Amino acid sequence: MAAGMPAPIDSIDIPIQGMTCASCVGRVEKAIRSVEGVAAANVNLATERAYVEFAPSEANPAAVADAIRAAGYEPFENTIELKIDGMTCASCVNRVEKALGRVPGVENASVNLATERASIRYLGNADIVDRLIGAVEQTGYEAKPVQRVDGQADGEREARATEIAGLWRSVLIAAILTLPVFALEMGSHFIPAVHDWVMGTLGHSNSWYLQFALTTLVLFGPGLRFFRKGVPALLRASPDMNSLVVLGTSAAYAYSVVATFLPGLLPEGMDNVYYEAAAVIVTLILLGRYLEAKAKGRTSEAIKRLVGLQAKTARVVRDGEAQEIPLDQVLAGDLVQVRPGERIPVDGEVVEGSSFVDESMITGEPVPVQKSQGREVVGGTINRTGSFTFRATRIGADTVLAQIIRMVEQAQGSKLPIQALVDKVTAWFVPAVMAAAFLTFLVWLVLGPDPALTFALVNAVAVLIIACPCAMGLATPTSIIIGTGRAAELGVLFRQGEALQSLKEVGVVALDKTGTLTQGRPELTDFVAASGFSEAETLRLVAAVETRSEHPIAQAIAAAAERRGLDLPSTDSFEAVPGFGVSAMVEGRKVDVGADRFMTKLGLTVSTFADSAARLGAEGKSPLYAAIDGKLAAIVAVADPIKPSTPEAVAALHALGLKVALITGDNRKTAEAIAKRIGIDEVAAEVLPDGKVAVVKRLRQSHGKIAFVGDGINDAPALAEADIGIAIGTGTDIAIESADVVLMSGDVRGVVNAIALSKATIRNIQQNLFWAFAYNVLLIPVAAGVLYPVNGTLLSPIFAAGAMALSSVFVLGNALRLRRFKAPIASAQAAPHTQTVEGVA
């Protein structure tokens, strides 16, 4: 795959710790957008990252970090050390520090002249390291990292692992402390033997004192995390999920404390305790948080697998000797040795040796590809058989694998249009829930049966606890993360997350011909020898003549002969006749190759091959003829063969109910012949690059949203104009940078898989959103007690807490089903290089 577009230098993405629900997302986005110089901010709950774009020359990451902290959350910072060569004085230090400080994402840079090292504290991805090195080099010095550039990813993984381990400890401690409280209170209510035992041993008061002590330890031990986040949020008048938990558990706990120690303040007969509700609520919500954290970790496994494809070390030739060095120390231009079974460390060009390389992780093709001198190799692919040496051409963030990872990360962090509704709802959701709980309390206090205060308290707490903005916040991003990750595993890269939603809505798929539907290079497709001539011998002589010509058709004939292992003799008296053909003497025999008019000029008739010529014409091929010693010897056809996967892809697109169009600059006769053979609905031929844009607009008017698939520089305008541009990954940089979706291999079946995955992902998001909204819309009224007048149903706060935890876990579990998505058609099956052709291929 060619290189993708690098991340813009005026944007960063920041890992954020402490977000728990959709309200948190809205609060962090609002805080970041309030920072001067921020052009856009997009916060993703599932990835726990903020993607921030700055106006030109106004990047201020330190201010963004301060705004995040002021909102009550913690941006994840990282540090790196660079070795700086070439500094000689204090002014050098000052110059380097200023250069590093100007890089977006850098919060602090300190340079030490004595140690020749720079210590940088930064926000954002590890690709910032390349920008840091570039900034130093622009000032006239050299820099290289002292530690691995994937340290941030390691740090984030460690932080997540620490968080999960801490949550599990909290769950265990809370459960151990809560179990006796639950057994004492609920057992006394429902099991007479337990009631008798409690009264006979502990006594009523001591039972409450013990419950008070254990519940206090639960709330202000494992449950303290809710107060640390929820109380400041309440004081800022911007409540979140933690605030709901704090209000609900505090209300139940405070009421119980009054009933335990100051019962005279309560009306007669209302001195009940709800310690078990407060303790169980905290325990269940901690369990839900733990399950969420575990599930979130699984959503980004595709990225982890991609990162795992990177080699850890490289065998580099330095000073005439091969030495094993860390991957981050490989420099462009280094000679790298690769042995059988090893993973290729970086991108490069083979200079010595040959081997077969498994490139399935890039192209999806299961058949290893032969690599010899002059061929390109891609970092992360696996060398299978031989050994070879290559020159490193792209390292670090410039490698194909690094760009793939960056593309997937950017797509995973984007928001779909469907998320706009969620953002609007969650902006007022938590305050609305608090208002509903207060209203519930008032209604039950005024209109409820005795004991009214107890009913009012229990139902208000249930409303606070059952509300789940977490599910709404996770509904969209988790599906995007898993959908785009699964797509990457199938060889489909969504460069824009929005393409996930738009792709399912297309009505027509327009395809470029050369390099998209076809192999992109001329090949010998037909060679039929005349009666009395040996096919192999005739091809040998014709190919010998064509080796003298630089015309692509001649090269295709010569290449076909070489593939068959034919020994090509030398030629004499070579002559090219412009507009007709070529002639030469081969082993004492006169060989002429050219169009039918050349044969006529030589006094030969081509009527012998009339049927073959008609067939070739119907297939859009232009036949050539060969004569040996003045006799017609063969009919030859060279064409750009259709990829074996193309007919299946077109049929699958039709099965999805889509129209398929062909847009090409080739002549109409050839284009229509190809379209007829593979079942394309509409053809636009002899179209110049600018004309492709006009055709795209016309097709959009006729069929609705359009996806255009292409691979060349001349396809870039059409890719940009289409609603969804899909670039073949084997194409040019410009085509890929103009596209919304990139197919890693040259297989058009990837288009079908991309559309199918788009439909599956959006369907998954819709399921998640339906569950999240339906859950809250239906169960909040139930918690408030609307069913009590009908059938006496009330929802215990304990069950409310369990239902709330289950809601988020359900959404995450549903999103994780996308990991099992199966492609409708295999986009990378082993296939012959060309279609079967008469006589030769």
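Since the structure is predicted, the reported quantities are computational estimates derived from the model, not experimental observations. Counting restarts for each chain: residues are numbered from 1 in the order of the written sequence. A pLDDT threshold of at least 70 governs which residues receive local features in this predicted model, and a stricter bar of 80 or more applies before side-chain atom pairs are shown or counted, although totals over entire chains, interfaces and linings include all residues. Only hydrogens and water are set aside; all other atoms, that is, all heavy atoms of the structure, feed into the side-chain values.

**What to know about the overall build of the protein**
Argument step 1. Helix and strand assignments come from DSSP, with helices taken as H or I runs of at least 4 residues and strands as E runs of at least 2, each series counted from the N terminus. Helices and strands together make up the secondary structure of the protein, namely 30 helices and 30 strands.
Argument step 2. Each residue gets one of three labels from its accessible area relative to the maximum for its type: buried under 20%, exposed over 50%, partly exposed in between, using a 1.4 Å probe on protein chains only. Counting over 841 residues, the protein shows a buried share of 54%.
Argument step 3. Two residues form a contact once any of their heavy atoms are found within 4.5 Å. Relative to all contacts within the protein whose residues are 6 or more apart in sequence, the contacts with residues 24 or more apart total 70%.

**Some thoughts on the packing of helix H23 (residues 646-655) against helix H28 (residues 749-784)**
Packed helices, taken two at a time, are described by their axes: the angle between them and the distance between them.
Argument step 1. Axis separation between H23 and H28 bottoms out at 8 Å; the angle between their running directions is 30°. Here H23 lies roughly parallel to H28, going by the angle between them. Contact with H23, carried on its side by Glu648, Ala649, Ala652 and Leu653, involves Arg749, Val751, Val752 and Ile755 of H28 and no other residues of that element. Angles run from 0 to 180 degrees between N-to-C directions of axes, and those axes are lines fitted to C-alpha atoms, restricted for helices to the stretch in contact. What sets the label is the angle itself: under 35 degrees gives roughly parallel, over 145 gives roughly antiparallel, 65 to 115 gives roughly perpendicular, and the rest give oblique.

**Quick word on the pattern of salt bridges**
Argument step 1. For this analysis, a salt bridge means a side-chain nitrogen from Lys or Arg found within 4 Å of a carboxyl oxygen belonging to Asp or Glu. Counted by the stated rule, this structure contains 20 salt bridges.
Argument step 2. The residue aspartate 66 makes a salt bridge to arginine 69 at a minimum N-O spacing of 3.3 Å. Of this pair, aspartate 66 and arginine 69 are both found in helix H2 (residues 61-70), three residues apart, which corresponds to roughly one turn of the helix.
Argument step 3. What makes arginine 69 partly exposed here is its relative accessible area of 28%.
Argument step 4. Through salt bridges with shared partners, a single network forms among Asp66, Arg69 and Glu74.

**Topic: the UniProt feature "transmembrane region" (unreviewed entry) in the protein**
Argument step 1. UniProt positions are given in the numbering used here, feature names are shortened, and annotations may be inferred rather than shown by experiment. The UniProt record annotates "transmembrane region" (unreviewed entry) at residues 167-187, 207-224, 244-266, 272-291, 425-447, 453-476, 769-788 and 794-816.
Argument step 2. A distance of 33 Å separates the end C-alpha atoms of residues 272-291, which is 85% helix and 0% strand.
Argument step 3. Regarding residues 794-816, the helix share stands at 87% and the strand share at 0%, and the terminal C-alpha atoms are separated by 33 Å.

**Re the environment of glycine 588**
Argument step 1. Checked against the element boundaries, glycine 588 lands in the loop between strand E22 (581-586) and strand E23 (589-594).
Argument step 2. Taking C-alpha positions, glycine 588 is 9.0 Å from threonine 571, a pair spaced 17 residues apart along the chain.

**Digging into the sheet that holds strand E13 (residues 355-358)**
Argument step 1. Note on pairing: two strands pair once DSSP finds at least 2 bridges between them. A sheet is described by the order of its strands in space; here three strands give the open sequence E14-E13-E16, paired in antiparallel fashion. Two strands bound the open sheet, and with one partner strand each, they are strand E14 (369-371) and strand E16 (382-383).
Argument step 2. Direction of pairing for E13 relative to E14: antiparallel, over a ladder of three bridges. Considered in E14, the bridge of valine 357 is made with valine 369.

**Some words on the environment of glutamine 766**
Argument step 1. On the secondary structure map, glutamine 766 appears in helix H28.
Argument step 2. Between the alpha carbons of glutamine 766 and alanine 475 there is a distance of 8.3 Å; along the sequence they are 291 residues apart.

**Quick look at H2**
Argument step 1. Of the positions making up H2, those classed as buried are Pro61, Val64, Ala65, Ala67 and Ile68. Considered in projection along H2, the buried side chains sweep an arc of 160° and stay on one side of the axis.
Argument step 2. Buried residues along H2 sit in contact with strand E1 (11-17), helix H1 (22-33), strand E2 (38-44), strand E3 (49-54), strand E4 (74-75) and strand E6 (106-112).
Argument step 3. Directly beyond the C-terminal end of H2, a positive phi value near 100° is found at glycine 72. Read the arc as the range of directions from the helix axis to the C-beta atoms.

**Digging into a positive patch on the surface**
Argument step 1. Patches were defined on residues exceeding 30% relative accessible area and lacking a salt bridge, with like-charge contacts within 9 Å and nonpolar side-chain contacts (Val, Leu, Ile, Met, Phe, Trp, Tyr) within 5 Å. Note on areas: Shrake-Rupley with a 1.4 Å probe; residue coverage comes only from the protein chains shown. Positive residues here are Lys and Arg, negative ones are Asp and Glu, while His and the chain termini are left out of the count. In plain terms, the charge of a residue is placed at NZ if it is Lys, CZ if Arg, CG if Asp and CD if Glu. The grouping of Arg763, Arg817, Arg820 and Lys822 at the surface amounts to a positive patch.
Argument step 2. Within the secondary structure, arginine 763 is located in helix H28.
Argument step 3. Given a relative accessible area of 46%, arginine 763 falls into the partly exposed group.

**As for the pairing of strand E20 (residues 523-529)**
Argument step 1. Most of E20 is tucked away: six of the seven residues are buried.
Argument step 2. Two strands pair when backbone bridges link them, and E20 and strand E25 (residues 631-639) are joined in this way by six bridges, in the antiparallel orientation. Bridge assignment links alanine 529 to a residue of E25, and that residue is alanine 634.

**Looking at the packing of helix H15 (residues 452-466) against helix H30 (residues 797-816)**
Argument step 1. Between H15 and H30, the shortest axis-to-axis distance is 8 Å and the interhelical angle comes to 5°. Taken together, H15 and H30 sit at an angle that is classed as roughly parallel. Note on element contacts: H30 touches H15 through Pro797, Ala800, Ala801, Ala803 and Met804, opposite Val458, Val461, Ala462, Ile465 and Ile466.
Argument step 2. Of the residues in the contact of H15 with H30, the class split is ten nonpolar, no polar and no charged. Classes in brief: Ala, Val, Leu, Ile, Met, Phe, Trp, Tyr, Cys and Pro nonpolar; Asp, Glu, Lys and Arg charged; the others, Gly included, polar.

**Overview of the nonpolar core**
Argument step 1. Membership of the largest hydrophobic core comes to 141 residues, with the highest contact counts inside it found for Ile32 and Phe494.
Argument step 2. Counting residues per element, this core draws most heavily on H28, at 16 residues.
Argument step 3. What isoleucine 32 contacts, discounting residues up to four positions off in sequence, is Val38, Ala41, Val43, Ala50, Val52, Val64 and Ile68. To define a nonpolar core, start from buried Ala, Val, Leu, Ile, Met, Phe, Trp, Tyr and Cys residues and group those joined through side-chain atoms within 4.5 Å.

**Regarding the sheet that holds strand E12 (residues 347-353)**
Argument step 1. Here we have six strands laid out as an open sheet, ordered E10-E9-E11-E17-E12-E15, and antiparallel in their pairing. If you trace the sheet from one side to the other, it starts and ends with strand E10 (321-326) and strand E15 (376-377), each paired once.
Argument step 2. Here six bridges tie strand E9 (residues 313-318) to E10, and the two strands are oriented antiparallel to one another. Bridge assignment links valine 317 to a residue of E10, and that residue is alanine 322.

**Some remarks on the environment of alanine 671**
Argument step 1. With respect to the secondary-structure elements, alanine 671 resides in helix H24 (residues 668-678).
Argument step 2. Taking C-alpha positions, alanine 671 is 8.2 Å from alanine 684, a pair spaced 13 residues apart along the chain.
Argument step 3. Not counting residues up to four positions away in its chain, the partners in contact with alanine 671 are Leu662, Thr664, Val683 and Ala685.

**As for the packing of aromatic side chains**
Argument step 1. Stacked, edge-to-face and tilted are the three classes for Phe, Tyr and Trp ring pairs, Trp counted by its six-membered ring, which pair at centre distances within 6.5 Å; planes under 30 degrees apart are stacked, over 60 edge-to-face, the rest tilted. Per the counting criterion, the structure on display carries 16 aromatic pairs.
Argument step 2. Taken together, a centroid distance of 5.7 Å and an interplanar angle of 15° make the contact between tyrosine 209 and phenylalanine 261 stacked. Of the two residues, tyrosine 209 sits in helix H7 (residues 204-220) while phenylalanine 261 sits in helix H9 (residues 241-261), which places them 52 residues apart along the sequence.
Argument step 3. Taken together, the ring pairs in this structure connect Tyr209, Phe212, Phe220, Phe227, Tyr253, Phe261 and Tyr275 into an aromatic cluster.
Argument step 4. The ring of phenylalanine 580 has lysine 601 sitting right over it, with the charged end atom 4.6 Å from the ring centre. Remark: a charge is flagged as sitting over a ring if the NZ atom of Lys or the CZ atom of Arg is within 6 Å of the ring centre and within 35 degrees of the ring normal.

**Observations concerning a nonpolar patch on the surface**
Argument step 1. On the surface, a nonpolar cluster with roughly 450 Å² of combined accessible area is contributed by Trp168, Leu172, Ile176, Leu287 and Leu291.
Argument step 2. By secondary structure assignment, the location of leucine 172 is in helix H5 (residues 151-190).
Argument step 3. Take leucine 172: its relative accessible area is 38%, and that puts it in the partly exposed class.

**Overview of unusual backbone geometry**
Argument step 1. The linkage connecting aspartate 450 with the following residue, proline 451, adopts the cis geometry, with an omega of -10°.
Argument step 2. Its place among the elements puts proline 451 in the loop between helix H14 (419-447) and H15.
Argument step 3. Positive phi is not limited to glycine here, since glutamate 587 has a value of about 50°.
Argument step 4. By secondary structure assignment, the location of glutamate 587 is in the loop between E22 and E23.
Argument step 5. The backbone phi angle of aspartate 629 is positive, close to 55°, even though this residue is not glycine.

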